[in-house]
Amino acid sequence: MNYYEVLGIAKTASQDEIKKAFHKLAHKYHPDKGGDEKKFKEINEAYQVLSDKQKRAQYDQFGRVFDGNGGFSAQGGPAEGWDFNWMWGNRPQQDAEFDFGDLSDVFEDFFGGGGGRRTAKKDRRKGKDIQIDIEITLESVLKENIEKINLIKQVICHRCQGLGSEPGTKVKECFSCRGTGQVQQVKKTFFGSYTTIATCPECSGEGTVPEKPCNVCKGEGRIKASEPIEIHIPAGVDTNQVIKLDGKGEAGKKGAKPGNLYARILVKKHPVFERKGDDLITLLQINFSQAVLGDEIEIKTLEGTSILLEVMAGTESGKILRISGKGIPHFSGYGKGNLYVELKVKTPKKLTKKQKELMEKLKEEGL
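Conventions we followed
Residues numbered from 1 in each chain as written. Predicted model: local features only at pLDDT ≥ 70, side-chain atom pairs only at ≥ 80, totals over all residues. Heavy atoms only, no water. Pairing = 2+ DSSP bridges. Helix = DSSP H or I, 4+ residues; strand = E, 2+ residues; numbered from the N terminus. Axes fitted to C-alpha atoms, helices over the stretch in contact; angles between N-to-C directions. Buried < 20%, exposed > 50% of the residue type's maximum accessible area, 1.4 Å probe, protein only. Lys, Arg positive; Asp, Glu negative; His and termini not counted. Salt bridge = Lys/Arg side-chain N within 4 Å of Asp/Glu carboxyl O. Polar contact = N/O pair within 3.5 Å; in protein donor to acceptor, adjacent residues only side chain to side chain. Contact = heavy atoms within 4.5 Å. Core = buried A, V, L, I, M, F, W, Y, C linked by side-chain atoms within 4.5 Å. Expected span 1.5 Å × (residues − 1). Patch = residues over 30% accessible without salt bridge, like charges linked within 9 Å, V, L, I, M, F, W, Y side chains within 5 Å. Areas by Shrake-Rupley, 256 points an atom, 1.4 Å probe, with all protein chains shown as cover.

## As for the sheet that holds strand β9 (residues 261–267)
Reading across the sheet, the 3 strands line up as β1-β9-β8 and stay open at both edges, with mixed pairing between neighbours. What marks the edges here is a single partner per strand, and that holds for β1 (130–136) and β8 (242–245). Within the sheet, the average angular offset between the axes of one strand and its neighbour, ignoring direction, is 25 degrees.

Structure follows, in structure tokens:
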């Protein structure tokens, strides 16, 4: 067996190239990922030698490695009966520049990322968060609104009040995990047997089980039902802003903490007004005579009120007039944006006989 061929590298490969080749092949032939166990052992054997400068030098010179313990075969690898203890007993010394971090990803696949270590218990009973979209009109943004909805979700069971047990019966400690919600499991690999921590299958990690499950919710402490909810939408809200309602998401299992409700606001497009931040923009068409002579024109605001807009004589098409305080309320609650009116001079496509005569006279006058 040629160690360089096993790792697919040249004899002149650097330590970094050796590490990269090992890491790639170890994942590919990992037994727990359906890989070849024999091939995986060969890859690890080759890396153990080539990652150690002293052993690599011996292998390059003699085609084998001598350690004085009979631990290596004539090809430099472990003798029959290789196991996890061999790997630890023959690991390179510090000056060999061997980094056990290279094996960390491989070990995580074997031991679930914890190597049997107990991790912090997660509350698996907590209710899920809910996300919904609420569509409102641009006019409704001008003031605070209350949106009433009926939301179908998991709610607290009315019979057991979320406890999961029949009224009058008790909730007892889980016999399998002794209330911890976790159990130890022994996992066997070709490295040996190792203990890991897993969620208790008896109580699903809750640590308790009902003496007699509730007849309505079957021990969950919650059921699917419709709940009326009021969502307060502040004035000035804009599209994609999210309103959070604490505790209005899914009910948790057996009285656990509920999730939250997140309402995303979508403001409908308006046929007349365009929103830019807290400002409004609208287009107003005026006649040629109004642009030339000036005029006062009545327009409607988004609020529905009418105001007089003064168009100065000699106004050109594209002129923008500002009306202060007629825009959208600032989300902070203080003040409003502005209303901007863009003037566009209409060019008539058809003229009456009299209009044509008048235009001819204006043309004669140089207009």
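## What to know about the sheet that holds strand β11 (residues 279–286)
Taken in spatial order, the 4 strands make up an open sheet running β10-β11-β15-β14, and their pairing is mixed. Of all the strands in the sheet, the pair left with one neighbour each is β10 (274–276) and β14 (320–323). If you compare each strand with its neighbour and ignore which way they point, the axes differ by 30 degrees on average. Where β14 meets strand β15 (residues 339–345), 4 bridges bridge the pair, whose relative direction is antiparallel. Across the sheet, isoleucine 320 pairs through a bridge with glutamate 342, a residue of β15.

## Quick look at the side chain of arginine 56
Tracing the backbone shows arginine 56 in helix α4 (residues 53–62). Look at arginine 56: it is buried, it has no salt bridge, and the nearest opposite charge is aspartate 60 at 4.1 Å. Separated by 3.0 Å, the side chain of arginine 56 and the backbone oxygen of lysine 11 make a polar contact. Non-local contacts of arginine 56, meaning those with residues more than four positions away in its chain, are made with Tyr4, Lys11, Thr12, Ala13, Gln15, Ile18, Val49 and Leu50.

## Notes on the nonpolar core
Within the largest apolar cluster, 37 residues are counted, with the highest numbers of intra-cluster contacts made by Ile132 and Ile231. Residue contacts for isoleucine 231: discarding those within four places in its chain leaves Ile132, Ile134, Asn145, Ile146, Glu147, Ile149, Ile243, Leu245, Leu261 and Ala263. Listed in part, the 18 residues of the second largest apolar core include Ala13, Ala26, Phe40 and Leu50.

## With respect to helix α3 (residues 37–50)
Helix length check: α3, at 14 residues, gives a terminal C-alpha distance of 20 Å against a target of 20 Å (1.5 Å per residue), a fit within 8%. Of the residues flanking the start of α3, the one acting as N-cap is aspartate 36, its side-chain oxygen 2.9 Å from the backbone nitrogen of lysine 38.

## A look at a nonpolar patch on the surface
On the surface, Phe288, Val292 and Leu293 cluster together to form a nonpolar patch covering roughly 310 Å² of accessible area. Residue placement: leucine 293 occurs in helix α7 (residues 288–293). The class of leucine 293 is exposed, set by a relative accessible area of 66%.

## Comments concerning the pattern of salt bridges
In this structure the tally under the stated criterion is 15 salt bridges. Across the pair aspartate 16 and lysine 20 runs a salt bridge whose closest N-O atoms are separated by 3.4 Å. Taken as a pair, aspartate 16 and lysine 20 lie in helix α2 (residues 15–28) at a separation of 4 residues, close to a single helical turn. For aspartate 16, a relative accessible area of 44% corresponds to the partly exposed category. Judged by relative accessible area, lysine 20 falls into the exposed class, the value being 56%. The shortest N-O distance in the salt bridge between aspartate 278 and arginine 275 comes to 3.5 Å. Residue classification places arginine 275 among the buried positions, given a relative accessible area of 16%. Salt bridges sharing common partners tie together Lys153, Glu227 and Lys248.

## Quick notes on the environment of lysine 39
Relative to the assigned elements, lysine 39 resides in helix α3. When the C-alpha positions of lysine 39 and leucine 25 are compared, they lie 9.3 Å apart, and in sequence the two are 14 residues distant. Not counting the four nearest positions on each side in its chain, lysine 39 is found in contact with Val6 and Tyr29.

## Focus: the environment of valine 186
With respect to the secondary-structure elements, valine 186 resides in strand β4 (residues 182–189). The spatial distance from the C-alpha of valine 186 to the C-alpha of threonine 196 is 6.3 Å, given a sequence separation of 10 residues. The residues touching valine 186, leaving out its near neighbours within four places in the chain, are Ser193, Tyr194 and Thr195.

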